[in-house]
Amino acid sequence: MAVLRPFDKLPRLNSGVLLLVGSDEALQRQLAEAILHEKRDFNISIHLATSLPLPSERDHLRPRMDLVVFMIDIKSKYSLKNVETSLAYVDASFFLGKVCFLVTGVGRVNACSIETNAVRKLGETYCSPVLFCELELEGVRAATAQRLVRMLRICAGLVPGVSALSFVSLMRKSDDD
Amino acid sequence: MQRRKSSKTPKQPLSIPNKSQTDLSAWRKGAKIDSEKSLQNNQSADDQKCESQEGSLEQALSYFQKAQDSVAPKKKSVEQEHLDAVESTALEQGLPPEGFEILLKVVLSGRFADTVNTRLLKSLIPASVIPENSVVTAVSWLCVGKCSGNIQLLFLKWLITMFDFIDHKEQLNALYGFFFSFLQDEKLCPYVCHVLYLLTRKENVRPFRIRILLDLQAKMGMQSHLQALLSLYKLFCPEQVTITLPGKMKTYFKNSEGPWKAAITAVRQRNQGSSPLSQAVFLGTSQPQSRKRKWNAQLVIPASSASTKHLDEDREKSCFYLCSPNESFPVEQLQTFPQLLQNIHCLEFPSQMGSVLTNPLLLHYMNCVKDESIYLRLYYWMGQRLQEECPWCVVDNPYEEEFRSFLETVYKAECFLQEGFSACEEFLYKTLPLWDGVCCRSEVLRLVSWIPLSSFSDIKPYLFDPLAQLFFTSSIYFKCSVLESLKELLQNWLIRSVIQMDLEISSVNTTLSGLVNVVAELVHFVGWISTVAMRLENNSTFLLNFILDFYGTVCDIYLKYNLPLLIMPPAGVFYPALLSMDSVNLNQLCYIMYRYRANLVAAKENELSKKKILQFKFSNQTYQEYNQYIIAMVGCLWTSSAFQKDTHPQGLCMDDKLLSKTAVKEIKSSFNIVYHPAMMGCSIKFLQQICPGDTTLNFKLIKGKKWDWYLEYLYSRGLKGLKAFIESSISRVSQAARSKAGNVDV
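Residues numbered from 1 in each chain as written. Chains lettered and ligands numbered in written order. Predicted model: local features only at pLDDT ≥ 70, side-chain atom pairs only at ≥ 80, totals over all residues. Heavy atoms only, no water.

As named in an unreviewed UniProt entry, chain B is Centromere protein I, taken from Junco hyemalis. UniProt, in the comment section headed Sequence similarities (unreviewed entry), describes chain B in these words: "Belongs to the CENP-I/CTF3 family." (UniProt positions renumbered as here; feature names shortened; annotations may be inferred.)

The name given to chain A in an unreviewed UniProt entry is Centromere protein M, with Junco hyemalis as the source organism.

Structure, rendered in structure tokens:
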């Protein structure tokens, strides 16, 4: 039971489940708190993990994940590597709109150790949107939380007429034309 | 010391409108207090502390002055104390102009240890301006080469950072050759290049210098700093620099503001109190006799002798300050528009280009002087400022308010010039993908509206892709703001295209078809994001209002801007508007459709009469699409036949069986202007007025003559769009039209 699957459990009524995967636990926690602070009309539960796979013991208690957010710190190569290895434990059907890469650290351009192009490429490879932000700034953190809540609402199927797959196709850069 | 200074530069009164006095006489007053004592007394009141600081600073200055004249006393403690005094004053209030000569001399003469020199250099923060003389002296010491390489490097960095604070640059420019010789030093080269970049004027560009630069480039490879200088040379003398250089670079120079940046901002803020940004901007205009710019000889000559006499008479009569033709008019005395007109031949831009932004007269001037170097100066300054102070790209930047007001200033200047700055454009391309959509929202989006007309596919990945991503994930208010600014962008592009066509400038990328394509792409883009947004926001009327506002511009492109382009709104916008619950949006839609009709009829007439040879005509598909929409509209508002007759693939057409399942009686007469959800309120009010006693609300009463009354009633409630639409598109039908433009009509 190593691979994370999007549709192997039943959804809960009027709720969305978010999984944050990232190596910086403090930042992760701050973001989670910011998300819970956002005004919303559905229940959000957030699960934090430093890497995948998730431990299999308590798997039957875990709800179905609606959106997986991989956090990458642009200042640490390790965070990218960590995400790359974790991606192997995500079922392919997750990439039909239920994965998002969140790149933080754009506020310290001089300390960058990852090229933004590398992350963009990762997003393209996995057909998932890449959001850039600076979670150290409180205002940006709140704004990012708001954006994630909007995405989660769609991924949890709470916006009539908009599916996760259709949404992610909007979010992707249309390079092909 | 002050006397000496003032005798040296009698024509440069430092008239900075600044509350904090920087004259040395004021510092003298403070010196009366025993500084040694009060230094230890940390608990003393703030003003007292301030005064004592001034006193200790003066002591420190005189100490350092003596130290360089005679052999430096080797007492470490005394030295340390004075150093502390300079540092603390500098960081708190900045140094007075008089201090710079002394301290720069000390630093560059290499009399003290490098650590002392470094500390001194780092604390050289101006309270107001830096006198040019002090810098000239410093450069001469630099050439003597008594100080170490590190200090030389730090001094150059300091010079670059403080360049805008130097009150004149005339003599400094005379040292151009000296700076140039430092290029040979590999370590200093990047910074020297930067200094030269700031200093270069047309007359400095010489063939031998170009040769040296090219040699250097051959030796060191393509370095961005050398390229920067070469591209500047090329700009001034394109015929002499024949090599091709890469286009716009992201950054030419490394940031060298490091140690001073924060301190300058802090000092400025403390001295100014209010907006520290505006001070930097105003500083430039308050300079008496700014540096002489390279001046087109032709510009000066025509106004010369012929008008001198006239000017002399004028001067006697009025109090206008008019200068002789070879003298420049001090920019800070420019107060009125007539003054601008009378001195336009002898004006010079201030040494700080940024000050132009807040001065409408200088903006006027900038508009009529088409000097490339002006834009280059502004471009460089603005680009750096935007990049380094952008609050969402720089973590350690607490000045969001400041940045906001700066963006506001820039936007206003853009509106004034009716043109975007390229530095802004680049800034947006660079930072929009990193933007959170909240910080300085309205200011940033306003800047978007001034992005110049250019190939859509070029700017799409930098502008429209990130904007779309933000748009889809942000709040409805953000969506509305984006639509608003894209409307402005469209209008600006359209105006620009009109001007371009009028002037008949037709370069490769501004041909008519090119223009039409770019505008069409923008409209399609907005159509796409609008459709999605309507779905995401559950057909919000608020959002719809903004979308229709955008189409209010689109529908009139042909008649208003003379561009052969007509794009109908997508079905995802049209149908929600047609079936919207509020009359304002329906009314707006009616007006838009009426304007579409007017445009299409005009186009058809032009086509038929063949008055002019038409390069373009609207495709039949456009007419067809219009007709489909009109059928749906007339069906919804007039004939109750929308469900049967709508031919649009995404339209309302429904099977009769399906309709009968709705169990609505008399389907064929139950969906028109009386029953439409947006009009229901009006029809109920109308019924109450014509038969006050009746509470059954018999809508069928509204027919025949009462139908006309009902229409009058609607018109009187301000539904002018509806009126225009009905009168243009429907009454003709009912009168069995003998229309000329038959295929436009239903």
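Read on, since the account is not over.
Check the secondary structure of chain B and you find 37 helices and zero strands. In chain B, which comprises 746 residues, the share counted as buried stands at 53%. When the accessible surface of chain B is totalled, it reaches about 34,000 Å², and 54% of it is carbon and sulfur. (Helix = DSSP H or I, 4+ residues; strand = E, 2+ residues; numbered from the N terminus. Buried < 20%, exposed > 50% of the residue type's maximum accessible area, 1.4 Å probe, protein only. Areas by Shrake-Rupley, 256 points an atom, 1.4 Å probe, with all protein chains shown as cover.)

A few words on the packing of helix α6 (residues 99-109) of chain B against helix α8 (residues 132-144) of chain B. Residue and element names in this part refer to chain B. Relative to each other, α6 and α8 sit at 10°, their axes nearing to 9 Å. Between α6 and α8, the angle is such that the two are roughly parallel. Residues Phe 100, Glu 101, Leu 104, Lys 105, Leu 108 and Ser 109 of α6 pack against Ser 134, Val 135, Thr 137, Ala 138, Trp 141 and Leu 142 of α8. Here the residues of the contact of α6 with α8 are counted per class, giving seven nonpolar, three polar and two charged. (Axes fitted to C-alpha atoms, helices over the stretch in contact; angles between N-to-C directions. Parallel < 35°, antiparallel > 145°, perpendicular 65-115°, else oblique. Contact = heavy atoms within 4.5 Å. Nonpolar A, V, L, I, M, F, W, Y, C, P; charged D, E, K, R; others polar.)

Here the focus is the pattern of salt bridges. All names here are of chain B. Under the counting rule described, the total for this entry stands at 20 salt bridges over all chains. The shortest N-O distance in the salt bridge between Arg 385 and Glu 389 comes to 3.7 Å. A residue pair is termed a helical-turn pair when its members lie 3 or 4 positions apart in one helix, as Arg 385 and Glu 389 do in helix α21 (residues 372-389) at four residues. For the pair shown, Arg 385 and Glu 389 are each scored as buried. Note that Glu 400 is salt-bridged to Arg 404, the shortest N-O span being 3.2 Å. Residue Glu 400 and its partner Arg 404 are both found in helix α22 (residues 400-417); the two are separated by four residues, about one turn of the helix. (Salt bridge = Lys/Arg side-chain N within 4 Å of Asp/Glu carboxyl O.)

Residues and elements named next belong to chain B. Burial of helix α30 (residues 571-578) is extensive: seven of the eight residues sit out of reach of the surface. Restricting attention to buried positions, one finds in α30 the residues Ala 571, Val 573, Phe 574, Tyr 575, Pro 576, Ala 577 and Leu 578. The secondary structure elements touched by the buried residues of α30 are α27 (512-536), α28 (541-554), α31 (583-609) and α32 (620-639).

Here we come to helix α5 (residues 164-171) of chain A. Residues spaced three or four apart along an α-helix point in a common direction, a consequence of the helix completing one turn every 3.6 residues. Listing the buried residues of α5(A) in full gives Ala164(A), Phe167(A), Val168(A), Leu170(A) and Met171(A). Viewed along the axis of α5(A), the buried residues span an arc of 155°, placing them on a single side of the element. Here the buried face of α5(A) lies against β5 (130-133) and α4 (138-155) of chain A together with α25 (456-473) and α27 of chain B. (Arc of directions from axis to C-beta.)

All names here are of chain A. The buried fraction of strand β4 (residues 99-104) amounts to six of the six residues, a majority that puts the element mostly inside the structure. Covered by surrounding structure in β4 are Val 99, Phe 101 and Val 103 together with Cys 100, Leu 102 and Thr 104, the residues of both alternating faces. Bridge count for strand β3 (residues 67-73) against β4 is six bridges, and the pairing is parallel. In the sheet register, Met 71 faces β4, and the bridge partner there is Leu 102. At this point the chain moves from β3, through helix α2 (residues 77-86), to the parallel β4, and the crossover so formed is right-handed. Pairing geometry for β4 and β5, over four bridges, is parallel. Across the sheet, the residue bridging to Phe 101 is Val 130, located in β5. Crossover β4 to β5 through helix α3 (residues 116-125) is right-handed. (Pairing = 2+ DSSP bridges. Right-handed = clockwise from strand over helix to strand, strands pointing away.)

Residues and elements named next belong to chain B. Mapped onto the secondary structure, Ser 641 falls in the loop between α32 and α33 (642-645). Judged by its relative accessible area of 9%, Ser 641 is buried. Contacts of Ser 641, omitting those with residues within four sequence positions, involve Gly 635 and Asp 646.

All names here are of chain B. In terms of nonpolar packing, the biggest core is built from 208 residues, with Met 382 and Met 593 touching the most fellow members. Considering every element that reaches this core, the biggest residue donor is α27, with 15 residues. Every residue in contact with Met 593, bar those within four places of it in the chain, is listed here: Met 568, Phe 574, Tyr 626, Tyr 629, Ile 630, Met 633 and Phe 725. Ranked by size, the runner-up nonpolar core spans 80 residues in total, among them Val 86, Leu 95, Leu 121 and Trp 260. (Core = buried A, V, L, I, M, F, W, Y, C linked by side-chain atoms within 4.5 Å.)

This next bit is on the environment of Asn271(B). If you trace the backbone, Asn271(B) turns up in helix α15 (residues 258-272). Spatially, the C-alpha atom of Asn271(B) lies 8.8 Å from that of Gly94(B), the residues being 177 residues apart in sequence.

So, on to unusual backbone geometry. Between Leu52(A) and the following residue, Pro53(A), the backbone shows a cis peptide bond with an omega angle of 5°. Position of Pro53(A) relative to the elements: it lies in the loop between β2 (43-49) and β3. Despite not being glycine, Asn14(A) shows a phi value in the positive range, around 50°. Looking at where Asn14(A) falls in the secondary structure, it is placed in the segment before β1 (15-21). Non-glycine residue Asn538(B) carries a positive phi angle of around 55°. Looking at the secondary structure, you find Asn538(B) in the loop between α27 and α28.

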